[in-house]
Protein chains: 2
Amino acid sequence: MTTLPSMNISAVERDTGLGKDTLRVWERRYGFPQPARNDNGERVYPAEQVDRLRQMKRLIDQGHRPGRLVAASDEEFAQLCSAATSGGRNETAAGEASLIARMIALVKANDVPALRQALNQAMMRMGLQRFVIDVVAPLNDAVGEAWMTGEFQVFEEHLYTEQIKSLLRQAIGNLPTGGGPRVLLTTPPDEQHVLGLLMVEALLGLDGATCISLGTQTPLVDIQRATAAHAADIVAVSLSAAFSGRQVRPLLSQLRAMLPATVELWVGGAGAQPMPAQSGIVSLPTLQAALDALESWRKSRANGD
Amino acid sequence: MTTLPSMNISAVERDTGLGKDTLRVWERRYGFPQPARNDNGERVYPAEQVDRLRQMKRLIDQGHRPGRLVAASDEEFAQLCSAATSGGRNETAAGEASLIARMIALVKANDVPALRQALNQAMMRMGLQRFVIDVVAPLNDAVGEAWMTGEFQVFEEHLYTEQIKSLLRQAIGNLPTGGGPRVLLTTPPDEQHVLGLLMVEALLGLDGATCISLGTQTPLVDIQRATAAHAADIVAVSLSAAFSGRQVRPLLSQLRAMLPATVELWVGGAGAQPMPAQSGIVSLPTLQAALDALESWRKSRANGD
DNA sequence: TCTCCAGAGTTGTCCAGGACAAACATGGAA
DNA sequence: TTCCATGTTTGTCCTGGACAACTCTGGAGA
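Residues numbered from 1 in each chain as written. Chains lettered and ligands numbered in written order. Predicted model: local features only at pLDDT ≥ 70, side-chain atom pairs only at ≥ 80, totals over all residues.

By the naming in an unreviewed UniProt entry, chain A is MerR family transcriptional regulator, taken from Candidatus Accumulibacter meliphilus.

Here's what the structure looks like:
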């Protein structure tokens, strides 16, 4: 109980998402992190530095650069953390701001039954579509920010995520069987976040599309195979901000090249950068954009395209 | 469409679960894998070798050793793959063998609606408890084996997993609110498999326990914090066979030391090795054992322990 | 003033080859 | 047979170097 937890380099890699090579090269170049060494000469990272690394990773995902972050003073750093999500993509609808604040408080209080009830109630009142767009999406952002500023523990974020997952799956299960386009939903390898997928599945299913979800981390070859096996009209992949920006472009190009031209490729989530128009890749910066894209697909098909 | 997919060392690490260092050292020691090199001298692994590596990883998780596997001929190797799960932990109840074979066929046929219906029907007929123990568990083994012998594509396994997850979550959501012990459910970092967790949650919830699931990959410190925050009586972690055997013992010891002595620590799944009796760790090799452990916990509490 | 581009700086990932602790197997003694 | 000592196997860590891809900066030209 009294051992302050310190981690070896593998554990830090898992916990922060920063590769072993990156951790070593940062130490060499910037002098941070500066782990102790055990008897065998291996790096041993104190918990404090691991926390800092986690925050740095998050800031880097948002476009900051490591060289600047290590040079920043503690005050500057804290300021960056707070300011991080202020440019949030999901504007909180004015009417729901207090609802979201209340739910955040319930997570903080670890009151699962009350949280579940509040979520359920909101969903009933607003309907699934508005609930997903106006509550779940901004709530995700809020939880992410709370985690960032140290207000939330990891386990609280986990608990929150579980509740949302459970709720959305329940809702999706109760949707009538769809017609419309057949949409294959998944994320590429290395992308573990499933919430975006579930939100899209709920919205599209609600609008009458047939969603086939493969869950997370499907190898590209298998996305290709599944598209053929299920005669999908659309492949939709979700990328979180944690998905390193530099790999996005080549990965999507590769996937696009592997799919038949008649199949649309949609990319959503915080990691979805604007795409060149002729790339054959549809970028969906918001959930609303996914609904629009669905409508536009239907129109183009109706016109015999 | 014509490019045969070949991968760099990072991609292979993701796909196979073998670390970069391991891949390089195997090449040095055993001469396998033997990737080509690109213009920059970097390894480029052909898809064929990656498939082989995936199978080797699985066999190693089951206790085989790399040195033997690379020395084995193709016939010996194929035989090992088939024989792999024959010592399966979840004996298929005689009456349900054909049901399971039928479901495997449905997955193979990519017929999601029929699969869903068959699963639902079986669950209704058998009740949740027997369904989980006699159908879901052996079905998981069967899917794993089918994947191993190359009968299933990765995306088919993904699709199957999604359906089971959805079904179990639905069932769990419909359970009445529990009393009994408060059980915290999760997996440690690096363990991504959630199915075992859901099966246990269904069984324990059905038996009246209160389950608090944190999902997968909770850092040990956060398991500790969540245990306190939710006043859990029992912490249950699930380890799949993919969880490397050598890390299990120290990880569980560390976790055990971090929890109050009054909290029981249960370990289930294929990665759960028998534990020394005085270690304070309860090993649950089967799902039935979890139910027994619950009963035994209740008895010991009733006796004023 | 704005736009564009070349050069300098930054950053993540790869490489080679060495080392070592922990896990495993093997064979002989009790 | 059971048990233990000894040799072998295996995964992971280390150092220090390299380089391609990306970002920033300042100056030339419209």
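Let's pick the thread back up.
S.K.: Hey, could you run me through the overall build of chain A in this one?
M.R.: Summing up its helical and strand segments, chain A has 13 helices and eight strands in all. Over its C-alpha atoms chain A spans a radius of gyration of 21 Å, differing by no more than 12% from the 19 Å that the globule rule assigns to 305 residues. Summarising its shape, the C-alpha atoms of chain A cover approximately 70 × 45 × 30 Å along the three principal directions. Sorting the 305 residues of chain A into buried and exposed places 33% on the buried side. (Helix = DSSP H or I, 4+ residues; strand = E, 2+ residues; numbered from the N terminus. Rg over C-alpha atoms; globule rule 2.2 N^0.38 Å. Buried ≥ 20, exposed ≤ 12 C-beta atoms within 10 Å, placed from the backbone.)

S.K.: Explain the domain arrangement of chain A here, please?
M.R.: By a widely used convention, the size of an interface equals the accessible area lost when the partners come together. Taken as a whole, chain A is organised into domain 1 (6–83), domain 2 (94–173) and domain 3 (179–302). Relative placement of domain 1 of chain A and domain 2 of chain A: their C-alpha centres are 30 Å apart. (Domains from an automatic or database assignment.)

S.K.: Help me understand unusual backbone geometry in this model?
M.R.: Among all residues except glycine, the phi angle is most often negative; among peptide bonds, the trans geometry is most common. Residue and element names in this part refer to chain A. In this structure, Pro33 follows Phe32 across a cis peptide bond, with omega equal to -5 degrees. For Pro33, the location among the structural elements is in the loop between helix 2 (20–30) and strand 2 (36–37). A positive phi angle, close to 55 degrees, is found at Asn110, a residue other than glycine. In this fold, Asn110 is placed in the loop between helix 6 (97–108) and helix 7 (112–126). For Gln217, which is not glycine, the phi torsion reads 60 degrees and is therefore positive. With respect to the helices and strands, the residue Gln217 is situated in the loop between strand 5 (209–213) and helix 11 (220–229). Residue classification places Gln217 among the partly exposed positions, given that 19 C-beta atoms sit within 10 Å.

S.K.: How should the interface of chain A and chain B be read in this particular structure?
M.R.: Taken together, the contact between chain A and chain B spans 32 residues of the former and 32 residues of the latter. Of all elements in the fold, only helix 1 (9–16), helix 9 (154–173), strand 5 and helix 11 of chain A reach the threshold of two or more residues within the side of chain A that touches chain B. The leading source of residues in the side of chain A that touches chain B is helix 9 of chain A, at 10 residues. The residue makeup of the side of chain A that touches chain B, split by class, is 14 nonpolar, 11 polar and seven charged. (Contact = placed C-beta atoms within 7 Å. Nonpolar A, V, L, I, M, F, W, Y, C, P; charged D, E, K, R; others polar.)

S.K.: What is the right way to read the environment of Leu69(B) from this model?
M.R.: All names here are of chain B. Here Leu69 is to be found in helix 4 (residues 66–71). For Leu69, a count of 19 C-beta atoms within 10 Å translates into the label partly exposed. Separated by 153 residues in sequence, Leu69 and Asp222 place their C-alpha atoms 38 Å apart. Discounting residues that sit within four places of it in the chain, Leu69 has contacts with Met56, Leu59, His64 and Phe77.

S.K.: What exactly am I supposed to notice about the relation of the copies chain A and chain B here?
M.R.: Copy one and copy two of the chain differ by a rotation about a common axis and a shift along it. When chain A is fitted to chain B, the residual RMSD is 0.1 Å, and the transformation amounts to a turn of 180 degrees plus an axial shift of 0.0 Å. Expressed as an axis order, the relation between the two copies is that of a two-fold axis. Using C-alpha coordinates, one finds that chain A approaches the rotation axis most closely at Gln170(A), a distance of 2.9 Å. Counting the interface residues of chain A, we find that 100% of their copies in chain B are interface residues as well, pointing to one common contact surface. (Least-squares fit on C-alpha atoms with pLDDT ≥ 70 in both.)

S.K.: Quick question: what am I supposed to make of helix 3 (residues 47–61) of chain B here?
M.R.: For an α-helix the count is 3.6 residues per turn, leaving residues at separations of three or four pointing the same way. Over its 15 residues, helix 3 of chain B extends 21 Å from the first C-alpha to the last, a length consistent with the 21 Å expected when each residue adds 1.5 Å. Within helix 3 of chain B, burial applies to Val50(B), Leu53(B), Gln55(B), Met56(B), Arg58(B) and Leu59(B). (Expected span 1.5 Å × (residues − 1).)

S.K.: Honestly, the protein's contact with DNA strand D in this entry has me stumped. Any pointers?
M.R.: Taken together, 19 residues sit near DNA strand D, with Ser10(A), Glu42(A), Arg43(A), Arg65(B) and Gly67(B) positioned nearest. Of all the elements in the fold, those that place two or more residues in the surface near DNA strand D are helix 1 and helix 2 of chain A together with helix 2 (20–30) and helix 4 of chain B. Looking at which element gives the most residues to the surface near DNA strand D, the answer is helix 2 of chain B, with three residues. The residue inventory of the surface near DNA strand D, partitioned by class, reads four nonpolar, eight polar and seven charged. (Near = placed C-beta within 6 Å.)

S.K.: Is there a simple way to think about helix 13 (residues 287–302) of chain A in this case?
M.R.: All names here are of chain A. In this model helix 13 runs 23 Å from its N-terminal to its C-terminal C-alpha over 16 residues, within 8% of the 22 Å that 1.5 Å per residue would give. The complete set of buried residues in helix 13 reads Leu287, Ala290, Leu294 and Trp297. Looking down the long axis of helix 13, one finds its buried residues gathered within 60 degrees of arc, a one-sided arrangement. Those residues of helix 13 that are exposed and angled more than 90 degrees off the buried face are Asp292, Glu295, Ser296, Lys299, Ser300 and Ala302. (Arc of directions from axis to C-beta.)

S.K.: Got a minute to help me understand the protein's contact with DNA strand C in this structure?
M.R.: Close to DNA strand C lie 22 residues; Arg65(A), Gly67(A), Ser10(B), Glu42(B) and Arg43(B) are nearest. Listing elements by their share of the surface near DNA strand C, those giving two or more residues are helix 2 and helix 4 (66–71) of chain A together with helix 1 (9–16), helix 2 and helix 12 (245–258) of chain B.

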